[in-house]
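# Per-entry structural report
One letter stands for each residue in the lines below.
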Amino acid sequence: FDLERRVFGSWAHFTELMNGEQVWVTPRRKIWKFGNPSPLVREHLLKLMLQRKKGEVLPELPPKIKQTIPVDISSKRLLKRTDRLFEDIKDLTPSDSLPHFQEFSKVREELALAKIPALLNLVEACESSHEPVVVFSAHVEPMKALSHREGWGVITGGTPLWRREEIVRDFQSGNLKGVGLTIKAGGVGLTLTHAAKMVFVDLEWNPSLNRQAEDRILRIGQESNKV
């Protein structure tokens, strides 16, 4: 289709916009290396680029229905730490840096731990109604709690590839009650459409990672009329 010429006009123009240059890697061999693209690249790409939303491409997929479930945290110490952190950032402007990032991370990890009893209650309810469920968390500890349950598979950053494939296959075949995954380890590429229900213990800082994780059950093969 000669797209490169239709978009950039010529190879010379492409390399110019992409800040490309040829460098010697051996006495007889050159390669192209590229820097940061020019702001004009986006304008050129818009000539041929087409963005389509998932709902337009796959209209047969069911809608997402989200529910926030409040959880009582009994630790007054943890609540005080959380309140103090939010007090520190309430007057920040967009140009200010976020303080106490390590402290925020520690509190988030403790909150994930504190939510485990509520998570297990939800899981037990799903098991009682024979409803398969997928559980995601940004932290490993909730996954450890699920790993001790009969009929569950867990995927974290330390799970080998062969084991991940085995867990997904067993779940999709109906041989597992549920799957627990950390968002970074299992939020992309896996198909878990045997479940129509998903629980997030907590979320990653990056919203796109959370959206990708949601779509593990919203893919071709999902037969429920809602997820």
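Right above here is the structure, for reference.
Since this is a predicted model, take the numbers as computed values, not measurements.

## A short note on a nonpolar patch on the surface
On the surface, a nonpolar cluster with roughly 380 Å² of combined accessible area is contributed by Leu92, Leu98, Phe101 and Trp205. The residue phenylalanine 101 is located in helix α6 (residues 101-114) in this model.

## Observations regarding helix α9 (residues 161-172)
Its 12 residues place the ends of α9 17 Å apart at the C-alpha level, agreeing with the 16 Å of an ideal helix rising 1.5 Å per residue. Inspection of α9 places Arg164, Ile167, Val168 and Phe171 among the buried residues, and these make up the whole buried set. Summarising the axial view, the buried residues of α9 lie within an arc of 95 degrees, below the 170-degree limit, and thus occupy one face. Where α9 is buried, its residues touch β3 (133-137), β4 (152-155), β5 (178-182) and α10 (183-186). Phi turns positive, to about 85 degrees, at glycine 174, one or two residues after α9.

## Here's the deal with the pattern of salt bridges
Side-chain pairs of opposite charge can arise whenever the charged atoms involved come near each other. Under the definition given, this model contains 12 salt bridges. Here the residues in one salt-bridge network are Lys64, Lys66, Glu214 and Asp215, joined through shared partners.

Reading the values: rules and limits
Residues numbered from 1 in each chain as written. Predicted model: local features only at pLDDT ≥ 70, side-chain atom pairs only at ≥ 80, totals over all residues. Heavy atoms only, no water. Patch = residues over 30% accessible without salt bridge, like charges linked within 9 Å, V, L, I, M, F, W, Y side chains within 5 Å. Areas by Shrake-Rupley, 256 points an atom, 1.4 Å probe, with all protein chains shown as cover. Salt bridge = Lys/Arg side-chain N within 4 Å of Asp/Glu carboxyl O. Helix = DSSP H or I, 4+ residues; strand = E, 2+ residues; numbered from the N terminus. Expected span 1.5 Å × (residues − 1). Buried < 20%, exposed > 50% of the residue type's maximum accessible area, 1.4 Å probe, protein only. Arc of directions from axis to C-beta. Contact = heavy atoms within 4.5 Å.

Function cannot be inferred from these measures alone, as they are strictly geometric.
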